[in-house]
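# Coordinate analysis (summary)
Spelled out from the first residue to the last, the chains are:
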Amino acid sequence: MMIGGTDTTSTTIEWIMTQLARHPSKLQKAQEEIRRVVGQKLVIEHEDLAKMHYLKLVIKETLRLHPPIVFLLPRETLDNVEVAGFGIAVRTRVLVWENPDEFIPERFENSPVDWKGRDFQYIPFGAGRRGCPGLSFGTVTLEFVTANLLYWLDWELPKGLRCENLDMKEVYGLTTHKDKPLFLVPIPHSF
Ligand code: HEM
């Protein structure tokens, strides 16, 4: 319970910030939305999160690329099968996304695919009776912490580091986390 409820969330927040640091225009889009929703009231309330549409897409896309618990997720073909004319060998892991390696939060815009365990191409919280019981708590935590990080602070890369050179290596353990910790420079935002 402690590992399931802490490491998953903190690891995902680090990946969210890494992906946003790599994609400055998406970082800016998320910050503009959050600051528009919260305005000058200087506190983010629960009801505000419901209006942070782009932030939810960013979190969804981060969990697609970096699901923190991968050792429980793999689904493989049990036999040689043919799908839409493609032969797929037994025990193959299949990724069914377009541009699967790219960070594109917009792919979830108007998409019925969600993480509740019914869409088997996207199951960061697992599926079925052993699916994650902390889904709602986990996602609200991700939204709340990320919204605060992006509302209060602007973020820059350390001098000399370019966004395309950010280290993206993953390490597999109980959770799949970044090999090298992310370092960003926080700058208090003036409202
Ligand atoms: C980003 C957040 C989280 C992600 C991505 C995540 C993901 C997962 C996954 C993939 C599983 C295995 C599901 C399966 O076998 O099909 C799982 C199980 C579990 N999670 Fe989470 N989790 C998150 C947050 C949390 C939180 C916040 C809690 C509790 C406060 C929690 C508690 C648990 C527990 C107790 C299990 C084991 C359930 C069982 O085996 O019956 N998780 N989680």
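Above this text sits the structure in question.
Below, the structure is looked at part by part. (Residues numbered from 1 in each chain as written. Predicted model: local features only at pLDDT ≥ 70, side-chain atom pairs only at ≥ 80, totals over all residues. Heavy atoms only, no water.)

### Looking at the site of the ligand
In the region of the ligand, 21 residues are neighbours, and Gly4, Pro124, Gly126, Arg130 and Cys132 sit closest. Between alanine 127 and the ligand, the recorded distance is 3.4 Å, taken from a backbone N or O atom to an oxygen atom. Going through the elements one at a time, helix H1 (2-22) and helix H5 (135-152) are the ones with two or more residues in the shell around the ligand. No other element matches the 4 residues that H1 contributes to the shell around the ligand. When its residues are assigned to classes, the shell around the ligand shows 12 nonpolar, 8 polar and 1 charged. (Near = heavy atom within 4 Å. Polar contact = N/O pair within 3.5 Å; in protein donor to acceptor, adjacent residues only side chain to side chain. Helix = DSSP H or I, 4+ residues; strand = E, 2+ residues; numbered from the N terminus. Nonpolar A, V, L, I, M, F, W, Y, C, P; charged D, E, K, R; others polar.)

### Considering the packing of H1 against helix H2 (residues 24-38)
Look at H1 against H2: their axes get within 5 Å of each other, and the N-to-C directions meet at 115°. Together, Leu20, Ala21 and Arg22 of H1 and Pro24, Lys26 and Leu27 of H2 make up the contact between the two elements. (Axes fitted to C-alpha atoms, helices over the stretch in contact; angles between N-to-C directions. Contact = heavy atoms within 4.5 Å.)

### Points about the nonpolar core
The biggest cluster of nonpolar side chains holds 36 residues, and the ones touching the most others in it are Ile34, Ile44, Met52 and Leu150. Elements with a contribution of two residues or more to this core: H1, H2, helix H4 (53-65) and H5. The leading source of residues in this core is H4, at 7 residues. Apart from residues no more than four positions distant in its own chain, isoleucine 34 is found in contact with Ile44, Met52, Leu55, Ala147, Leu150 and Tyr151. (Core = buried A, V, L, I, M, F, W, Y, C linked by side-chain atoms within 4.5 Å. Buried < 20%, exposed > 50% of the residue type's maximum accessible area, 1.4 Å probe, protein only.)

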